[in-house]
Amino acid sequence: MRLEKVRIKGFRNFDDTEVIFQKKTLIIGANDVGKSNLLYALRILFDKTISEHDLELTESDYNAYSGTDTIEITAYLCEVTEDCLLSTFGSAVKDGKVVIRYTNQKNGTYKILTGYDVSTLSELQTRQYIKRLNMQYVDTNRNLFSFLSREKIKILQIAKEKLSEEATASDSQKINEIQNSLDKINESISSLQYISTSLAQVNRELGELSVHNEDQAVRFVAGESKADKMLDNLVLAYSTGDTPLSIGGDGRNNQIFLATWIAKQHLQNNIDHVTFYAIEEPEAHLHPHQQRKLSAYIQNSFDEQILITTHSPHIASKFEPASIVRLYSENKYSFASCGGCSELLKSVFDDFGYRLNALSAETFFSDGVFLVEGTSEVLFYTALARELKLDLDRHNISILSVEGVGFKPYVAICNALNVRLSDLVDPSWRNLHAISPAKSLIALTELEKAATKPAEVNDDSFERLRSAWIRLNDNGKGIALSLIESLVENDLLLNDSKPAFSNGDSHSSVAQSA
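Everything numeric in this text was worked out from a predicted model, so none of it was measured.

The rules we used
Residues numbered from 1 in each chain as written. Predicted model: local features only at pLDDT ≥ 70, side-chain atom pairs only at ≥ 80, totals over all residues. Heavy atoms only, no water. Pairing = 2+ DSSP bridges. Helix = DSSP H or I, 4+ residues; strand = E, 2+ residues; numbered from the N terminus. Axes fitted to C-alpha atoms, helices over the stretch in contact; angles between N-to-C directions. Contact = heavy atoms within 4.5 Å.

K.L.:
What is the right way to read the sheet that holds strand β13 (residues 324–330) from this model?
P.N.:
Neighbouring strands of a sheet are bound in pairs by backbone hydrogen bonds; such pairs are parallel or else antiparallel. Judged by pairing direction, the sheet is mixed, and its six strands sit side by side in the order β8-β11-β12-β3-β13-β14 without closing on themselves. Strands at the two margins of the open sheet, each flanked by one partner only, are β8 (133–138) and β14 (333–336). The average angle at which neighbouring strand axes cross in this sheet is 20°, direction not considered. Running over the sheet, helix α1 (residues 35–46) touches β3 (24–28), β8, β11 (274–280), β12 (306–309) and β13 and is turned about 145° from β8.

Written out as structure tokens, the structure reads:
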């Protein structure tokens, strides 16, 4: 079974959006663009931990900007061949396809419907399929120790049930040996003078309180006196060689959590149900090398379908391009570039080739990308923006070097990911024909005034730019001086409009997303 796509109407960020998935899908985008809300829409249909009460939703779950009073979440399943699912869905399966829909209205009650297409949907009483088909979800608030306190006994019990008869018999014998050793340890502890005398007065007082206490005594023991109880209350420890260590910082705890959680999924995997997985921001507290490793580890650890959200360009740079979903916001609604996972993305990323790395992957998360030729231009425009009092990070804008004049692959990536190319005169922002580096930076300065789109260049904004350039030059920082030739060539000081970008092969450009 594979979740092929989902269509979301009227739910939180989404007005009417369809998202296509692959077997291993990475979901990226800026903060508050709807990554968690996309996963929550799927949880409504497939997560066992979502209660009946939570399924009713609240008024705040309805899209506030469209004014809708209806929520509709439709999941399309394909390759449904498992016997447990065929028997569960029955006539709602055809050619390996199943459609499941959740619908709700304000002041109404929710409905769950299934069919082999949207024209054959019929209502179910509950999410009765959830016993055979469910989504395991890991949120961003991963606490290793609370997870183990909840899941420890379950993990141990699952491991016990998978033992062979021979292994079970061997373990039983060893548990008896542990019990004998534990009895001897407690006897030895009780024989210690300071241990035996420390509670003598306590036992005398107990005898005075009640005759029933005379033949009983309290004593100190080594944690537990029964081996089975001791084994049920094991604690997680970390060691190197024979030396025990305390569990480390948040990064190590995050790795142990994910390794333990993944191990649990493998232990409880069976043919009686189908599970797919969703993990939010697995990179928390990890340095870049471990983020890249984690990306490969998670992808290789599951044969089942898995959805991952991330803010990490290191993880994004190691994912298959055709398996990336980029969410973006336009007119206060959230959409998926290319409709989700797309062969178009694979095609443009194949052309992008070796250029994909952690720096260029920052494009995925940016609201605006300012493309320049090389490192010196990055230094100059960063300094110039600072002189203009333009906080690029506040506006989620990146200045990216293409290391040459090959802008075309970067432009293709921006188009495919709906990071639109900006034309200073055309408000539709569809084309980039005649923008010098100077005027491109003016577009970014105007963004400070109008967060939705840059205004048309005027004399006042150009004067700001020229004054900032002069200040850089007078300060003797060397940044502006190293670019005098290229700036004069592009007529920064002459306020000329000669083309600076043509067919994706020359000079600087700006890409700005909605």
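K.L.:
I keep staring at unusual backbone geometry and nothing clicks. Help me out?
P.N.:
Across residues other than glycine, the phi torsion is negative in most instances, and most of the peptide bonds are trans. We note that Asn-331 has phi near 55°; this positive angle belongs to a residue other than glycine. Of note, Asn-331 is situated in the loop between β13 and β14. Located in the positive-phi region is Lys-332, a residue other than glycine, with phi close to 75°. Position of Lys-332 relative to the elements: it lies in the loop between β13 and β14.

K.L.:
Explain the sheet that holds strand β2 (residues 14–20) to me, please; I cannot follow it from the model alone.
P.N.:
One open sheet accounts for six strands, arranged β2-β1-β4-β5-β6-β7; its pairing is antiparallel. Lying at the two open borders of the sheet, with one neighbouring strand each, are β2 and β7 (122–124). Put simply, the sheet's adjacent strands are angled 20° from each other on average, direction ignored. Pairing analysis gives six bridges linking strand β1 (residues 2–11) to β2, with the strands arranged antiparallel. Looking across to β2, one finds that Lys-9 is bridged to Asp-16. Docked against the sheet, α1 engages β1, β2, β4 (70–78), β5 (98–105) and β6 (111–115), running at close to 105° with respect to β1.

K.L.:
Help me understand the environment of Arg-219, please; the structure alone is not making it clear to me.
P.N.:
By the element assignment, Arg-219 lies in the loop between α7 (200–209) and α8 (227–232). For the pair formed by Arg-219 and Ile-189, sequence separation is 30 residues and the distance between their alpha carbons is 9.5 Å. Among all residues touching Arg-219, those that are not within four sequence positions of it are Asn-186, Ser-190 and Leu-199.

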